[in-house]
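Here's the letter readout for the chains.
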Amino acid sequence: MGEDSPNIQYLGEKFPGRILASHAFRGDETIVIPREGLQEIFSFLKEDPRLDLSFLTDITAVDYLGKKEPRFEVVYHLYSLRAKHRLRVKVPVPEEDPVVDSLVPLWKGANWLEREVWDMFGIRFSGHPDLRRVLLYEEFQGHPLRKDYPVNQCQPLVPERELQGTFVDQRSSNKLLQLQQKFAPKR
Amino acid sequence: MGPSHPATHGTIKFDLKLEGEKILDCDVVVGYLHRGFAKMCEQVTWTQVIPYTDRLNYVSPLINNVGYALAVEKLLGVETPARCQFIRVIMSELSRITDHLTCCGMAASELGAITVGFYLIEARELLIRIIEVVTGARLTISYTRIGGVKHDLPPDFAEQVTKAFRKSRQLLADCDRLLSRNRIFIDRMSGLGVLSQETAIAYGLTGPILRSTGVSYDVRKAEPYLVYDQLDFEIPIGTKGDNYDRFICRMLEIEQSMRIVEQALKKIPLGPVSLDDPHVVLPEKEKVYNSIEGLMHHFKIIMEGIQVPAGEVYLAVEGGNGELGFYIVSNGGGKPYRVRVRPPCFIAMSAFREMIKGSMIADIIPTFGMINMIGGECDR
């Protein structure tokens, strides 16, 4: 889409051959990078005084099932508080091995955002300290924002969970038991 | 604590690890209001997404409407007429005021200042009535359309706003007298939920929480959308980054939003409120009934949806709680391929653990109150 903007050219010089594609559709500067060495590029983007993209706005993903190969794209939006410009970084991820490096060491805010991507798309983040589902529950089967997840899919009922790890006051439970026995229907 | 607790307006659970009343660790469990916003958006046409965006942050639904409409317009590469842009600014600022009033009022009443809660809710009610006059609904308003707004403002709008603002300013002054030097209130708010500037940036926090730490970042100033660059307003910032600073930031922002509305009402030009493009905006009913082109355009938009070119855009607006971003991917055609909302409260909740660790259980209430988590937006 025409000439690259100065920032993208600058990145192309710094990482020759590592910028797979770039465009600036409607003024949104975008680069596509491979997932190998992702942390290195991101820490450069964060630390470099010229780009100064120290603010991680968002992490999300898009499923291009049957439209593109590889199937998934993890999308990062970065912002510079000082220079007031944005950059979108896209990382293609294949279906067979949906893993990318986690950005939690660079930004703490990546923690929940990556958990949400795992929850919705089933893309794993290696090195993430606590990769659990965040919006859905652990027993949920499948990843709903994948294009092959049917809209009207029903989930099986989940049996009641045990109160594992929760502090339970024994006295109060005894009291409940007492009450239950007291008011139990007589046979 | 939770998921259903009187102080957690919105359903959320805190798994707390306690030592007496001191919080050693806190795990926040969200998602109780998850209803698959993104998945729903992929099933309907571009216009039909607008009612879903109402239900994101239902305390300030107009800002969501405007944000979504702007994002789609950016993807289409069109710009709305000047009058429409002013109307959008006015309505989003009214919405922002209701958002801040709700947040401050609820937070105050949870700390025992019920009077303040009632005063601020009364002020909010005045503004919501105006919103109702304009849009026909109180919260689920769906007022914007892609390429414009539903209809023009009523003729006596400016007078109604002036009257409501006069009353709201009195109520706010009363609340100021009740709270600003109130020992109990300050003790419960000050020095709690503290975040340093670096932590706030590392978490990607925005809105009053980031501004309370002293970072002057507001999307309206940083990347002015609509006509915010023609209006004169300031961004209040805090110094300590605690709950009290957040509260004060919000209260000061209400005044700034009122200034924006007053200026915009003076500057608003006459003219159409929607684009004159039959491929984007529905034609008038008269044309639909009396001309074949009108009927055809109407049919096309309703049945197939607006044809949006393939591409992707990210557009951020300043919501009540921070940067509300829409990342939209189009495949070409009448339906969105992917709609992602960057929810400010979801990101704020991820920093909650950091804010609350080491405090007392009772401190959860003001800290959580000042985040102003809205379940609809956090869980989508």
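Just so we're clear, the structure is a prediction, and the values are computed from it rather than from any experiment. (Residues numbered from 1 in each chain as written. Chains lettered and ligands numbered in written order. Predicted model: local features only at pLDDT ≥ 70, side-chain atom pairs only at ≥ 80, totals over all residues. Heavy atoms only, no water.)

### Concerning helix 13 (residues 292–304) of chain B
Residues and elements named next belong to chain B. Given a rise of 1.5 Å per residue, 13 residues ought to cover 18 Å, and the 17 Å separating the end C-alpha atoms of helix 13 matches this to within 8%. Taken as a whole, helix 13 has its buried residues at G294, H297, H298 and I301. For helix 13, the arc enclosing every buried residue in end-on projection is 100°, short of the 170-degree limit, so these residues lie on one face. Residues I292, F299 and M303 are exposed on helix 13 and point more than 90 degrees away from its buried face. Residues of helix 13 that are buried make contact with helix 12 (285–290). Phi turns positive one or two residues past the end of helix 13, at G305, with a value near 85°. (Helix = DSSP H or I, 4+ residues; strand = E, 2+ residues; numbered from the N terminus. Expected span 1.5 Å × (residues − 1). Buried < 20%, exposed > 50% of the residue type's maximum accessible area, 1.4 Å probe, protein only. Arc of directions from axis to C-beta. Contact = heavy atoms within 4.5 Å.)

### Topic: the nonpolar core
Ranked by size, the top nonpolar core spans 178 residues in total, and within it F42(A), Y76(A) and M349(B) carry the most contacts. For this core, the leading source of residues is helix 4 (residues 82–110) of chain B, giving 13 residues. Excluding its chain neighbours within four sequence positions, the residues that come into contact with Y76(A) are L38(A), F42(A), D58(A), I59(A), L87(A), R88(A), V89(A), V91(A), V100(A), D101(A), L103(A) and F125(A). (Core = buried A, V, L, I, M, F, W, Y, C linked by side-chain atoms within 4.5 Å.)

### Some words on unusual backbone geometry
Here E69(A) and P70(A) are connected by a cis peptide whose omega angle stands at -5°. Residue D52(A) is not a glycine yet carries a positive backbone phi of 55°. Within the element layout of this structure, D52(A) appears in the loop between helix 2 (38–47) and strand 3 (55–63). Located in the positive-phi region is S142(B), a residue other than glycine, with phi close to 45°. Note that S142(B) resides in the loop between helix 5 (114–135) and strand 3 (144–145). Residue S142(B) is classed as buried on the basis of its relative accessible area, which comes to 14%.

### A word on the interface of chain B and chain A
Tallying the contact residues gives 48 residues for chain B and 44 residues for chain A. When chain B packs against chain A, close to 3800 Å² is buried across both sides, 57% of that on carbon and sulfur atoms. Broken down residue by residue, the surface that chain B buries against chain A is led by K39(B), E312(B) and Y337(B), which jointly contribute 18%. Notably, a salt bridge pairs K74(B) with D28(A), separated by 2.7 Å at the nearest N-O pair. Taken together, chain B and chain A are joined by 23 residue pairs in polar contact (both at pLDDT 80 or more). Ranked by the residues each element gives to the side of chain B that touches chain A, the list is headed by strand 5 (residues 311–318) of chain B, at 5 residues. (Buried area = accessible area lost by both parts, 1.4 Å probe. Salt bridge = Lys/Arg side-chain N within 4 Å of Asp/Glu carboxyl O. Polar contact = N/O pair within 3.5 Å; in protein donor to acceptor, adjacent residues only side chain to side chain.)

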